[in-house]
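Working through the structure, step by step
What follows is the residue order along each chain.
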Amino acid sequence: NGLAMAGISIPDRAAIVGFDDTFVSRRVHPGITSVSQPVEEMGRMAVRNLLESIKNEEQRSGTHMELDAQLIVRGSSHLDKYLGCRIDKCQKEEE
């Protein structure tokens, strides 16, 4: 709201991109472009690693894991025009 109150047009003069694809990013107007993470899978992997560490009585300094994220393009940015959704897992959500 602050940008709109200042007369700054979204996405023409300012783009907004968020992280975690929260509920709010889908409910405001324009919808907020966001990176969506597989939080349920992240939780399962964390619990699995914790249980494995307890079972093996190991002291781990950390485990590196990579999970796919997804860019959800909404009305708060013109990313679809600039990227053409060529990046991996880019999705245009209709408003």
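Coordinates for the structure precede this section.
One structure accompanies this document, and this report is about it. Being a predicted model, the structure only gives us computed values, none of them experimental. (Residues numbered from 1 in each chain as written. Predicted model: local features only at pLDDT ≥ 70, side-chain atom pairs only at ≥ 80, totals over all residues. Heavy atoms only, no water.)

Notes on the side chain of Ser-34
You can see Ser-34 is positioned in strand β2 (residues 33–36). Residue Ser-34 is classed as buried on the basis of its relative accessible area, which comes to 1%. Residues within four places of Ser-34 in sequence aside, it is in contact with Gly-18, Phe-19, Asp-20, Asp-21, Ser-25, Gln-70, Leu-71, Ile-72 and Arg-74. (Helix = DSSP H or I, 4+ residues; strand = E, 2+ residues; numbered from the N terminus. Buried < 20%, exposed > 50% of the residue type's maximum accessible area, 1.4 Å probe, protein only. Contact = heavy atoms within 4.5 Å.)

Topic: unusual backbone geometry
A cis amide bond links Ile-10 with the next residue in sequence, Pro-11, at an omega value of 5°. Here Pro-11 is to be found in the loop between α1 (2–5) and β1 (17–19). Pro-30 follows His-29 through a cis peptide bond whose omega is -5°. As for its placement among the helices and strands, Pro-30 is situated in the loop between α2 (23–27) and β2. Even without a glycine there, the phi angle at Asp-20 is positive, about 90°. Locating Asp-20 in the fold gives a position in the loop between β1 and α2.

Digging into the pattern of salt bridges
Summed over all chains, the structure comprises two salt bridges. Put simply, Asp-21 and Arg-26 hold a salt bridge, and the shortest N to O gap is 3.3 Å. Under the relative-accessibility criterion, Asp-21 is labelled buried at 13%. In this structure, the salt-bridge partner of Arg-74 is Asp-21, at a minimum N-O distance of 2.8 Å. (Salt bridge = Lys/Arg side-chain N within 4 Å of Asp/Glu carboxyl O.)

Here's the deal with the side chain of Ser-25
By the element assignment, Ser-25 lies in helix α2. At 2.6 Å, the side chain of Ser-25 forms a polar contact with the backbone oxygen of Thr-22. Once residues lying within four places of it in the same chain are set aside, the contact partners of Ser-25 are Gly-31, Ile-32, Ser-34 and Arg-74. (Polar contact = N/O pair within 3.5 Å; in protein donor to acceptor, adjacent residues only side chain to side chain.)

From the geometry alone we can't say anything about function, so treat these as descriptive.
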